[in-house]
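Fold and geometry: a report
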Amino acid sequence: MKRKIPCEVCRAGFMYEGEPAEGMSITCTVCGARLEVVTTHPAVETRRYVQAPEAEIRERAENFARLRGYRFDEMKEPILKGLLTNHRRFGDFYCPCRFDNIPEHICPCLETRLGEVRKAGRCLCGLFLRAD
Amino acid sequence: MIRLYGMSTCPWCRRAKQLLDHRAARYELIEVDLIDGEKLRKALAEVDELCGKRAFPVLVIGKTVVQGFKPEEIERALDREAKDPV
């Protein structure tokens, strides 16, 4: 049975095959964030899986790239460093190349989730690259 | 006149700085995440007018505006500026 799961990170809903249980760890197929199921009744609710910021953003980026078939290059580490600086300063992984810290700019940003890499070959900050 | 708008968190802004330094260009650097008040308001208004999108780096080289780190475009603009400074 498929269930629609809301992602606390990207605010999208994604389909999950199977029965989610409280405490279960699942990956958002839209943004790659690791989530923890908080409750399943009356509706499924999730929250970010609690982990160190560096582990969180590395895992999210790896998951997102794997899900979309994207790749990284040598700029991955400096971009992750910028994301971690923004997390320390502003409390979330806002794009290091944009000024406005709004939910749409949380990595992977909305443009990227909507297919910018497929169209342009890379996301704005260059973390995610098209495979070809 | 060369001006670089950047952010301290942006690795492409560092690459743009390196390119300008490598070319021994004289430029004004404005890191928008490290300023505040009137200076910030003015810098953001300039970027909004130049590009319409607050994404960095933004380079103003004479009459040319380059948003993003595009080394070939930057080099060409630097060559033009060296020949015919604005």
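Residues numbered from 1 in each chain as written. Chains lettered and ligands numbered in written order. Predicted model: local features only at pLDDT ≥ 70, side-chain atom pairs only at ≥ 80, totals over all residues.

Right, let's get into the overall build of chain A. Secondary structure assignment for chain A yields four helices and five strands. Listing every helix and strand of chain A by position from the N terminus yields β-β-β-β-β-α-α-α-α. Relative to the compact-globule value of 14 Å for 132 residues, chain A shows a C-alpha radius of gyration of 15 Å, a close match. Overall, the C-alpha framework of chain A stretches about 40 × 35 × 20 Å when taken along its three principal axes. Across the 132 residues of chain A, 34% fall into the buried class. Put simply, of all contacts in chain A between residues at least 6 apart along the chain, 40% involve residues at least 24 apart. (Helix = DSSP H or I, 4+ residues; strand = E, 2+ residues; numbered from the N terminus. Rg over C-alpha atoms; globule rule 2.2 N^0.38 Å. Buried ≥ 20, exposed ≤ 12 C-beta atoms within 10 Å, placed from the backbone. Contact = placed C-beta atoms within 7 Å.)

Attention now goes to the interface of chain B and chain A. Facing eleven residues of chain B, the contacting portion of chain A comprises 13 residues. Residues that form the side of chain B that touches chain A fall into these classes: eight nonpolar, one polar and two charged. (Nonpolar A, V, L, I, M, F, W, Y, C, P; charged D, E, K, R; others polar.)

All names here are of chain B. Spanning 13 residues, helix H3 (residues 71–83) covers 18 Å between terminal C-alpha atoms, matching the ideal 18 Å at 1.5 Å per step. Taken residue by residue, H3 has Ile74, Ala77 and Leu78 as its buried positions. Across the axial projection of H3, the buried residues extend over an arc of 105 degrees, all falling on one side. Turned more than 90 degrees off the buried face of H3, the exposed positions are Glu72, Asp79 and Lys83. Buried residues in H3 make contact with helix H1 (11–22), strand S3 (58–61) and strand S4 (64–67). (Expected span 1.5 Å × (residues − 1). Arc of directions from axis to C-beta.)

Residues and elements named next belong to chain A. As assigned here, chain A comprises domain 1 (2–48) and domain 2 (53–120). The straight-line distance from the C-alpha centre of domain 1 to that of domain 2 is 20 Å. Opposite the ten residues of domain 1 that make contact, domain 2 presents ten residues. Taken together, the residues of the side of domain 1 that touches domain 2 break down into five nonpolar, three polar and two charged. (Domains from an automatic or database assignment.)

Before going further, it helps to examine the sheet that holds strand S4 (residues 34–39) of chain A. Whether parallel or antiparallel, the strands of a sheet pair through hydrogen bonds between backbone atoms. Residue and element names in this part refer to chain A. Pairing is antiparallel in the open sheet, where three strands are placed in the order S3-S4-S5. Among the strands making up the open sheet, the edge pair consists of strand S3 (25–27) and strand S5 (45–48). On average, each strand axis in the sheet is inclined to that of its neighbour by 45 degrees, with strand direction left out of account. Relative to S4, S3 is paired through three bridges, and the arrangement is antiparallel. When the sheet's bridge partners are listed, Ile26 is paired in S4 with Leu35. (Pairing = 2+ DSSP bridges. Axes fitted to C-alpha atoms, helices over the stretch in contact; angles between N-to-C directions.)

All names here are of chain B. Strand order across the open sheet formed by four strands is S2-S1-S3-S4, with mixed pairing between neighbours. Of all strands in the sheet, those with a lone pairing partner are strand S2 (28–31) and S4, marking the two edges. Going from strand to strand, the sheet's axes swing by 15 degrees on average, the running direction of each strand aside. Examined bridge by bridge, strand S1 (residues 2–6) and S2 share four bridges and lie parallel to one another. Looking at S2, one finds that Arg3 is bridged to Glu28. The strands that H1 touches are S1, S2 and S3; relative to S1, the one it contacts most, it runs at about 160 degrees.

So, about the pairing of S3 of chain B. Residue and element names in this part refer to chain B. Across the two faces of S3 the burial is the same, with Val58 and Val60 and Leu59 and Ile61 all buried. With four bridges joining them, S1 and S3 adopt antiparallel strand pairing. Residue Leu4 lies in a different strand from S3, and its bridge partner there is Leu59. Pairing analysis gives four bridges linking S3 to S4, with the strands arranged antiparallel.

This next bit is on the nonpolar core. Cys7, Cys97 and Cys107 of chain A together with Phe56 and Leu59 of chain B are the most contacted members of the largest nonpolar core, which has 54 residues in total. When contributions to this core are tallied by element, the ones reaching two or more residues are helix H1 (53–68) and helix H2 (76–90) of chain A together with S1, H1, S3 and H3 of chain B. Split by domain, this core shows at least three residues from each of two domains, domain 1 (2–48) and domain 2 (53–120) of chain A. Those residues within four positions of Phe56 of chain B in sequence are excluded, and the remaining contacts are Cys97 of chain A together with Tyr5, Gly6, Met7, Cys10 and Cys13 of chain B. (Core = buried A, V, L, I, M, F, W, Y, C linked by C-beta atoms within 7 Å.)

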